[in-house]
Amino acid sequence: MEGWTGCGPGERRWRPVSGGGALESDAIELLRALIREACVNDGRPESGQEIRSVRVLQRFLAPAVATGRLETQVLESAPGRASLVARVRGTDPDAPSLGLLGHLDVVPVDPEGWTRNPFGGELVDGEVWGRGAVDMLYLTAAFATVIRELALAPERPRGELVLLAVADEEAGGEYGIHWLAREHPETVRVSEAISESGGMRMGRHVAIEVAEKGSAGRRLVVRGKPGHASIPYGAASASYRVGEVLQRLGEVAPVPQLGELWGAFVDARIDDPVLAQRLRDPVSVDAALPQLGGIAGYAHAVSRVTLSPTVLRAGATHNVIPAVGTIDLDIRTLPGTSDDDVDQLLAAVLGPLAAQVEIQHLRGWAATASSPREPLFAAIERAVGEVAGAPVVPIMAAGGSDARVLRELGIPAYGFGLLAPGWSYERYREGVHGNDERIDVESVALSLAALRLIVRERVG
Ligand SMILES: [Zn+2]
């Protein structure tokens, strides 16, 4: 299909060397077009302007819409903050409705750190360069390619396929998936879904996200006795209290909680049996972490509730001893951790200081997990096995994504992707939000091939 991408004059369309790659070529060109729209989301309501990438998707999907088999809706939560919902209906109401959840926005760049134009969408030596290439425009492009293929196929599918190409994932989804789920709940009513965060290689395994940690922000408030700073005698500065609490937080940390996903991670990633045994034991795991090299930070994060002091406040004027100080904590929880659990954990960490500290709740959300025993996960396993000859390992993400909104609705939702060998978890983490973000054509092709098998099995 020529002429849908809006490529500048003189742009050469990429063609795969070997046969059977028209879809790959379309996905690559769509990815490049989405990168060039530069829907940068810096957290301000007026940023993102995802409507531009929605227009690109509309042009791409137009031939399928023309057949009457693909229904599309553009939904705008605020001026320019658009999401596109595209749907191919199935013949069997009892068959699954599979959602493909992709976001259109990208995080800002530091242009100084880039060796190429971050919004050029250049294809160089088999790699597409640009902000969002990995997170997650390559998947959004693959999702759109597959739904277009399904809509253009001669037979109607058994089940339903829904593309949710949404705004605002990078700033928490208030203008995207949250708004859609709240204001247009029918758009997100699918029976299962796949989204980003998957496909990284762990040992000989391919990692697929099935769970995400939660967030339980807390503000610790400490009080002192104010006074004029020129006569500190008899005053009790809240600044000192802040210091005492910080020191305690640096010395006492939540203990590891090693669940089923931790065991799967160790089995998949660690070949050395002695090291694996130490990692499976809550007593020895922390001493073994340094041996994990670049993946130690991830391993630390997913094996416990973490607690990071971020914003400190005390005093407003330099000559007044402050009466109140606060410490904001970023706390990341595990599936099953309740708000009460977090408060009890904090009290335990604070120990003798707890009585002097008031705990206030900041914004948060619970950790979410989908069972790896659902039929969709089995379909992902089969597709990855067929395309890459590799087993799948279910993993927990330390951060959050839009998928949790679907999980909160009771919809099994998994990360997806099938990256080429060489894409370790560490390399993936560096690619996401880093300088010189880029993805290789091979990874796009592998992901597309696996995605087509999954769609065929679940709804085809
Ligand atoms: Zn993302």
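Please refer to the structure placed before this passage.
An account of the accompanying structure is given in this report. (Residues numbered from 1 in each chain as written. Predicted model: local features only at pLDDT ≥ 70, side-chain atom pairs only at ≥ 80, totals over all residues. Heavy atoms only, no water.)

## Regarding the side chain of Lys213
- One can find Lys213 in the loop between strand S9 (205–212) and strand S10 (214–223).
- At a separation of 2.5 Å, a polar atom in the side chain of Lys213 contacts the main-chain carbonyl oxygen of Ala301.
- Within the structure, the side chain of Lys213 is placed 3.5 Å from the backbone oxygen of Arg332, a separation counted as a polar contact. (Helix = DSSP H or I, 4+ residues; strand = E, 2+ residues; numbered from the N terminus. Polar contact = N/O pair within 3.5 Å; in protein donor to acceptor, adjacent residues only side chain to side chain.)

## Comments concerning the coordination of the zinc ion
- Ligation of the zinc ion by protein atoms is provided by His103 (NE2), Asp135 (OD), Glu196 (OE) and Glu196 (OE), these donors lying 1.8 to 2.6 Å from the ion.
- In this structure, the zinc ion is surrounded by four donor atoms whose angles at the metal cover 55 to 147 degrees, and the resulting shape is irregular.
- Positions of the donor residues of the zinc ion, expressed as sequence spacing, correspond to H-x31-D-x60-E. With His103 in strand S3 (residues 97–103) and Glu196 in the loop between strand S7 (192–195) and strand S8 (198–202), this pair connects stretches of sequence that are 93 residues apart. Per residue, the accessibility class of His103 equals that of Glu196, and both read buried. (Donors = N, O, S within 2.8 Å, 3.2 Å for Na, K, Ca; no water. Tetrahedral: all angles 85-135°; square planar, octahedral: opposite > 155°, others 65-115°. Buried < 20%, exposed > 50% of the residue type's maximum accessible area, 1.4 Å probe, protein only.)

## Topic: the pairing of S10
- In terms of burial, S10 is a largely internal element, eight of the 10 residues being buried.
- As paired strands, S10 and strand S14 (residues 324–333) are joined by eight bridges and run antiparallel to one another. By the bridge assignment for S14, Arg219 is matched with Asp328.
- The pairing of S10 with strand S15 (residues 357–365) spans seven bridges and is antiparallel. In the strand pairing of S15, Arg219 is matched with Gln360. (Pairing = 2+ DSSP bridges.)

## So, the nonpolar core
- Core analysis: the biggest nonpolar cluster contains 114 residues, and Leu163 and Ile439 have the highest contact counts within it.
- If one sorts the elements of this core by residue count, helix H3 (residues 133–152) sits on top with 14 residues.
- No fewer than three residues from each of domain 1 (22–211 + 369–459) and domain 2 (213–365) sit in this core.
- With sequence-adjacent residues up to four places away left out, Ile439 is seen in contact with Leu31, Gly126, Glu127, Val128, Ala133, Val134, Tyr138, Leu419, Trp423 and Val444.
- Grouped together as the second largest cluster of nonpolar side chains are 17 residues, Leu75, Leu180, Ile411 and Ala413 included. (Core = buried A, V, L, I, M, F, W, Y, C linked by side-chain atoms within 4.5 Å. Domains from an automatic or database assignment. Contact = heavy atoms within 4.5 Å.)

## Thoughts on the environment of Arg131
- Structurally, Arg131 is set in the loop between strand S5 (127–129) and H3.
- Judged by its relative accessible area of 3%, Arg131 is buried.
- The spatial distance from the C-alpha of Arg131 to the C-alpha of Asn117 is 9.1 Å, given a sequence separation of 14 residues.
- The residues contacting Arg131, other than those within four sequence positions of it, are Ile35, Val106, Val107, Pro108, Val109, Trp114, Pro118, Phe119, Leu137, His433, Gly434 and Glu437.

## Description of the side chain of Asp440
- Structurally, Asp440 can be placed in strand S19 (residues 438–440).
- The side chain of Asp440 sits in the buried core without any salt bridge; Arg427 is the nearest counter-charge, 4.4 Å away.
- Within polar-contact distance, the side chain of Asp440 engages the side chain of Trp423 at 2.7 Å.
- Only 2.9 Å separates the side chain of Asp440 from the side chain of Ser443, close enough to count as a polar contact.
- Once you skip the residues sitting within four places of it in the chain, Asp440 turns out to touch Gly126, Glu127, Ala420, Trp423 and Arg427. (Lys, Arg positive; Asp, Glu negative; His and termini not counted. Salt bridge = Lys/Arg side-chain N within 4 Å of Asp/Glu carboxyl O.)

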